[in-house]
Every structure is written in C-alpha cells, then in structure tokens.
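Architecture at a glance
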Amino acid sequence: MKFLYRNPTRASWAEDYSFLNNDLDKSAKEKLEKDKEGLRIKKSYLKVSDLNIYIHKAHILKNVNIEIPDKKITCIIGPSGCGKSTLLKTFNRLIDDTEGIKYEGSILVDDTDIFDKKTEITDIRKKMGLLSQRPCPLPMSIYDNIAFGCKMHGERNRKKLNEIVEEQLKAVGLWEEVKNRLHAPASKLSIGQQQRLCLARGLAVEPEFILADEATSALDPISSKHIEELFVKLKQDYTIILVTHTLRQALRIADHVIFMYLGEVIEAGPADEVFNNPKQELTRKYLEGAFS
Amino acid sequence: MRLKFIEEKIAKGLMVVASLAVFAFVVNIIYTIFRRGFPALNWEMISQIPAGGYYNGGGGGILNAIIGSLYIVLGSTFLGLLISIPVVFYLNVYLKKDSKLAYVARLAFDVLFGIPSIVYGAFAFTIMIYLGMHTSLGGGILVITLLVIPIFIRSMDEVAQQLPKDLLDSTYALGATKLETIKVVLRQIAPGIATATLLSVGRAIGDAAGVMFTAGFTDSIPTSLGQPAATLPLSVFFQLSSPNADVQDRAYSAALILIFIVLVISILGRLITNHFSKHKI
Ligand SMILES: Nc1ncnc2c1ncn2[C@@H]1O[C@H](COP(=O)(O)OP(=O)(O)O)[C@@H](O)[C@H]1O
Ligand SMILES: [Mg+2]
C-alpha cells in the first residue's frame, strides 16, 4: 500500500523565521522578536498531558498526550464516537457544560493551564475560534455577526468596527458577495456563505487557534473546497485544528495528523509519516479500510 | 374503498366540524356584542367619564375604565416582562437541562398558570393590607403582574427550550460569559416573547375578579398609583347588572371597545415582532 502524498504549502512563515532561535546577540534577537510580533506570527503553544475525561463514569478520553504544532493544520481523524469532538471541545472548555463531566490532567495553552482555577475561561475561548459542523450564524445582521465579538470585548469605535468587519470578510472571501447588504440578516446567506461568515466572526476576536469540527460536512463540494482553501491560507497566521470526517480531506490539507480510536490517541505525527508509514497496526488498518 | 381512505375521510370530517363549531361560536359572540353594542356606541362614551347617574341611564362615558385598563395592562406587561425574562434566561442558560431546580420551577409555574384570578386578587389584597395600601391603580398593576408572570414565563420558556445548543456554544466560543449571551438569546426567542406578550395582554385586560378588590372602581381617571382605578371588565359588569336595557346595551359597547383594544395591541405586537424576529436563525 502506497500513498501519493505531498503537501505543497508545507513551508510556513514560522519555519522561515526559524533562524531566530540560532545564535544571535540579544538585542538583535529582541528586535526580530518584535518584528515577528508585528507580522502576527507569535508562537502559539498547545500541549495536552495525561488528559482523562469521564462523562458519568464513562471513560471518554484515555490518557491523551499530544502537542499541537504551531501555525500548521492538525487533523484529528478516527472512527465516529472515538472522542474527536470531545477532545476539540476540551481545548476551549465548551465541554464544561456537559452533564457529569470530570477531567484529569492538564492542557497548556501558551503558558496557562486551561484547567487551572485561576484561568479565565473566556480568555481561553477568545484564543480559540470555533467552527461547528452546521454553520450557526448569530440571529443578527451580517455586520453584527462579526462586530458582536469585538463589541463584547470592548471595541466601541464605529470606524474601527467597520474596518474589522471589512478586513475579516475579505479574509474569508465574502466581502465582494455581501458588501452591499451588510445589514441583511445573516440567515439569508447560503449555507456555504454562512460557514465562511462564522469563520470571519471567529477571526474578528483575534484568536490564535482555529478549531473546526467537521466544518465542511454540511456543505456542498464547492463551498467545502472553499473552506479548505481558506484553512490552507489561514495557517500562516493561525494554528488550525480540524476534526475531519473524510480521510481525503486530511490527506489534502493536513500537516500533522492525530489518529484516535476508542478514546485513545493511537498515533500522532507529521502527515506524510502517518499516512505513508504508520507505526501502529491500527492506524494502518484504519487507513486501508478507508481506502479499499 | 380501502379502510385507510375511509379513516382519512372521517378524520378530516371531524376536523372540519370542530373548526366550524369554534368559528360559529366566535362569530356568534362577536355578532351579539356588535348587534347590541354598536348602536349604543358614540363618541361621548369614549371621550368622557361617567356623569352623575350614568349607571341609571345618565350621560357621560367610560373613559375612566378605558384609561384604567390601559394603565393596568401597560404597567403589568412591562413589569411582567421585566421579571419573566431573567427567570427564563436563568432557567435555560444557567441551569443544566436535567436540573432539579428547573424542573420544580416549571412545575410551579404550571400550577400558578391554573390558579383563578380571584385567588391572586385575594392574595394581593392581603399583601396590600399588610403594606397599608388602599385599593388603587398600583394594587391593580400588582395583582395583574402576578397573574401574567406565569403566562409570560411558560410561553417564553417553551420557545427558549428550543434554543439551539450550537448557538450558545458559538457565542461562548467568542469569549462570551453566560450573561453576555443574553443579546443573542433575546433575539432568538423574540417571536416567543411576542406571543407571550399578546397572551398576557389578553388575560390582563380581560380580568375582572383580580382587580375587583385591588384596583377598586371609580368614576374618575387616576392621576397617581395611589388612587383607585376603573377597568373595562368591571365597567361591563356594573352596566350589565342594571335593569335598564339602554344601560345594558352600553355594557356591550364597552365590550366592543375592549375587543377593539385587544385587536389593536395584537396587530401592533405582530408588527413589532416581525421587525425583531427577522434575524432569527
Ligand atoms: N454528553 C455526553 N454524554 C454521554 N456520553 C457522551 C456525551 N458526549 C459524547 N459522549 C460519548 O463520548 C464518546 C465520544 O464522542 P465524540 O467525541 O462525539 O466522538 P466523535 O466526535 O469522535 O464522533 C462517544 O462514545 C459518545 O457516546
Ligand atoms: Mg464528532
């Protein structure tokens, strides 16, 4: 079994700047760090250690240890019911609202443990843009969908808000389509447009991560391709974590792959390694099964 | 013919009969009110308070009751919304789906829903005595607020329970606290709020027993919350009790005015809701 796999967009900005970590004198290093900030390529960091999740005594996630690479697309794959959504929802602690939830272990995001009592849950969530399976625009106009988050976080300046709305709609390629009806209800958009709007809405609060749970499964093939292309473009600035329902999608866009089975992470690593040369028997079987 | 089709025909026939029966009933009531009330209706009735001996066929009108009813309806609707929205928000956003407290609360509101208004009146009356209040506009608003709160809560709650979980999750994912989701929740349940308001207005304006002890009745228009207030249902009642046929006809005119007010408020309510619910997803 052999997979033809290559990712054309492998090199990201962060890698281009990797020389930063080499021997430079301190002041030059600081200056470059600042430039780096300016380019919005601040390193983001997400590390899961010994994570166990129980819902009503059922052991849903078992001893998960993973690290999410910065400014890459990480795809979480695995058969349905294996805990992909649960893991994703744990990252921004949306899982908290589940009945009978109990967690152990730690998830470090940048320098904070998200389970720490002192951590503000809203700060964590602000860092993580979320894209759900079915697009879910807020019951407001297109404009307000994007401005809502910014207003909530204290931005009141009309002009600034207008700029943000335009910038984010452009970022998801929706600006030309909606610029003449910004105040129309978001529910009037097509489902593919709605999903892009939801992405823009998430980007407007300036997250570091984008979490997407089967975000293209409800869309038609063209809209779905559009979203995929956006992810590839956005990974310059964001760390992207996708739960995906199709292996093909993972093959097309993943830089890094996490394979889960029955609540355990079976294998995690760079996409070409996992796809072309899986270390675990289970991974190999899963990949074959999906391809035969 | 196959059994299925016979069944279908019978079921359909029953539905038509039921619908017609309701329709005939409503038409009959409205016709009766119109037939007796419309000829007696005149501008004097709407624009003046009762002159001396009004209830024995003297001059004047029922402006006192029209204004009193409007005050009570507006006051109680406003207070009812103010109290019910936080309750519904708390039940649906703060409490988990299988919360015991939410279960008990919903049960309690169901029971309150079924309590007759005379009991609310008696209850409010004891509170008023305790507070040293006399029969007054304030007392009337108080009792009608109590009366409409269960209607508000139960009918808004029905809609709020359908709130998509994804919608709340999406809002939280933007970094919203539970409280900050209120703007999203209110817009999503706007049609429910409108329906609840219409139901409440209907109940509030039509209630006689609750206001009897609490708002009292008077021939003048109240100028403060502390003064007694007349209401349309009681006005209908007093005029209908008269042996004088002319005065009885005026009771029907008053009923006609009451129906008209409810109609106007309903149409306004629909228009306002359509405006606010256009964004619902
Ligand atoms: N709210 C819940 N209550 C009980 N069990 C749950 C709940 N949510 C998820 N589970 C269980 O957790 C497991 C993982 O679910 P999920 O993360 O949705 O899987 P996936 O997204 O990989 O299909 C499943 O076995 C599911 O039955
Ligand atoms: Mg899932």
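About the thresholds
Residues numbered from 1 in each chain as written. Chains lettered and ligands numbered in written order. Predicted model: local features only at pLDDT ≥ 70, side-chain atom pairs only at ≥ 80, totals over all residues. Heavy atoms only, no water. Helix = DSSP H or I, 4+ residues; strand = E, 2+ residues; numbered from the N terminus. Buried < 20%, exposed > 50% of the residue type's maximum accessible area, 1.4 Å probe, protein only. Contact = heavy atoms within 4.5 Å. Areas by Shrake-Rupley, 256 points an atom, 1.4 Å probe, with all protein chains shown as cover. Expected span 1.5 Å × (residues − 1). Pairing = 2+ DSSP bridges. Axes fitted to C-alpha atoms, helices over the stretch in contact; angles between N-to-C directions. Patch = residues over 30% accessible without salt bridge, like charges linked within 9 Å, V, L, I, M, F, W, Y side chains within 5 Å. Salt bridge = Lys/Arg side-chain N within 4 Å of Asp/Glu carboxyl O. Buried area = accessible area lost by both parts, 1.4 Å probe. Polar contact = N/O pair within 3.5 Å; in protein donor to acceptor, adjacent residues only side chain to side chain. Nonpolar A, V, L, I, M, F, W, Y, C, P; charged D, E, K, R; others polar. Near = heavy atom within 4 Å.

Further remarks concern the overall build of chain B. For chain B, the helix and strand inventory stands at 12 helices and 0 strands. Traced from its N-terminal end to its C-terminal end, chain B shows the element sequence α-α-α-α-α-α-α-α-α-α-α-α. Each of the three principal axes of chain B carries a C-alpha extent, and together these read 70 × 65 × 35 Å. Taking all 281 residues of chain B together, 42% fall into the buried category. Contacts spanning at least 24 positions in sequence make up 72% of the contacts within chain B whose residues lie at least 6 apart. Surface accessibility of chain B: about 14700 Å² in total, with carbon and sulfur atoms responsible for 73%.

Attention now moves to helix 8 (residues 191-203) of chain A. Counted at 1.5 Å a residue, the expected span for helix 8 of chain A with its 13 residues is 18 Å, and the 19 Å between its end C-alpha atoms agrees. Listed as buried for helix 8 of chain A are Gly-192, Gln-193, Gln-194, Gln-195, Arg-196, Leu-197, Cys-198, Leu-199, Ala-200, Arg-201, Gly-202 and Leu-203 of chain A.

Turning our eyes to something else, we now look at the sheet that holds strand 7 (residues 209-213) of chain A. Strand-to-strand pairing in sheets goes through backbone hydrogen bonds, with the strands running parallel or antiparallel. Residue and element names in this part refer to chain A. Sheet architecture is open: 6 strands sit in the order 6-7-8-3-9-10, paired in mixed fashion. In this open sheet, the two edge strands, each paired with only one partner strand, are strand 6 (128-131) and strand 10 (264-270). Neighbour-to-neighbour, the strand axes of this sheet turn through a mean angle of 15 degrees, independent of strand direction. Judged from the 4 bridges that link them, strand 3 (residues 73-77) and strand 9 (residues 256-261) form a sheet pairing that is parallel. Residue pairing in the sheet places Ile-76 in a bridge with Ile-258 of strand 9.

Residue and element names in this part refer to chain B. On the surface, Val-22, Phe-25, Val-26, Ile-29, Ile-30, Phe-34, Phe-38 and Ile-259 cluster together into a nonpolar patch covering about 750 Å² of accessible area. In terms of residues, the nonpolar patch owes the most to one element, helix 1 (residues 3-40), which gives 7 residues. In this structure, Phe-34 sits in helix 1.

Contact with chain B, which involves 24 residues of that partner, is made by 30 residues of chain A. When the two sides are added together, the surface that chain B and chain A hide from each other amounts to roughly 2400 Å², 62% of it contributed by carbon and sulfur. Its largest share of buried area at the contact with chain A, chain B owes to Ala-173, Leu-174 and His-279 of chain B, together 28% of the area lost on that side. Linking chain B with chain A are 1 salt bridge. Where Lys-178 of chain B meets Asp-97 of chain A, a salt bridge forms, and the shortest distance between an N and an O atom there is 3.5 Å. Where chain B packs against chain A, one counts 3 residue pairs in polar contact (both at pLDDT 80 or more). For the side of chain B that touches chain A, the elements supplying multiple residues, two or more each, are helix 7 (165-173) and helix 8 (182-188) of chain B. The greatest single-element share of the side of chain B that touches chain A, amounting to 7 residues, is contributed by helix 7 of chain B. When grouped by side-chain class, the residues that make up the side of chain B that touches chain A number 7 nonpolar, 6 polar and 11 charged.

Attention shifts here to the site of ligand 1. Residue and element names in this part refer to chain A. Around ligand 1, the neighbouring residues are Ile-55, Ile-60, Ser-80, Gly-81, Cys-82, Gly-83, Lys-84, Ser-85, Thr-86 and Thr-98. Within the backbone of Gly-81, one N or O atom sits 2.6 Å away from an oxygen atom of ligand 1. A distance of 2.9 Å is found between an oxygen atom of ligand 1 and a backbone nitrogen or oxygen belonging to Lys-84. When ligand 1 is considered free in solution it has 550 Å² of accessible area, and contact with the protein chains removes 56% of it. Broken down by element, the residue count for the shell around ligand 1 peaks at 3 residues, all from helix 3 (residues 84-91). Split into classes, the residues belonging to the shell around ligand 1 amount to 3 nonpolar, 6 polar and 1 charged.

Moving on to the sheet that holds strand 4 (residues 101-109) of chain A. All names here are of chain A. An order of 2-1-4-5 is seen for the 4 strands of this open sheet, with the pairing classed as antiparallel. One side of each edge strand has no neighbouring strand; the edge strands of this open sheet are strand 2 (58-68) and strand 5 (112-113). Where strand 1 (residues 46-55) and strand 4 come together, 8 bridges link them in antiparallel fashion. Among the inter-strand pairings, Tyr-54 is bridged to a residue of strand 4, identified as Lys-102. Helix 3 contacts strand 1, strand 2 and strand 4 of the sheet and is inclined by roughly 60 degrees relative to strand 2.

Under the criterion given, the structure shown has 22 salt bridges over all chains. When the shortest N-O distance is used, the salt bridge between Lys-170 of chain A and Glu-166 of chain A registers 2.6 Å. Pair noted here: Lys-170 of chain A and Glu-166 of chain A are both in helix 6 (residues 158-171), with a separation of 4 residues, about one helical turn. The residue Arg-106 of chain B makes a salt bridge to Asp-157 of chain B at a minimum N-O spacing of 2.5 Å. A residue pair is termed long-range when its members are at least 10 positions apart, and Arg-106 of chain B in helix 4 (residues 100-114) and Asp-157 of chain B in helix 6 (residues 137-160) qualify at 51 residues.

Bear in mind that shape data such as this cannot, by itself, settle questions of function.
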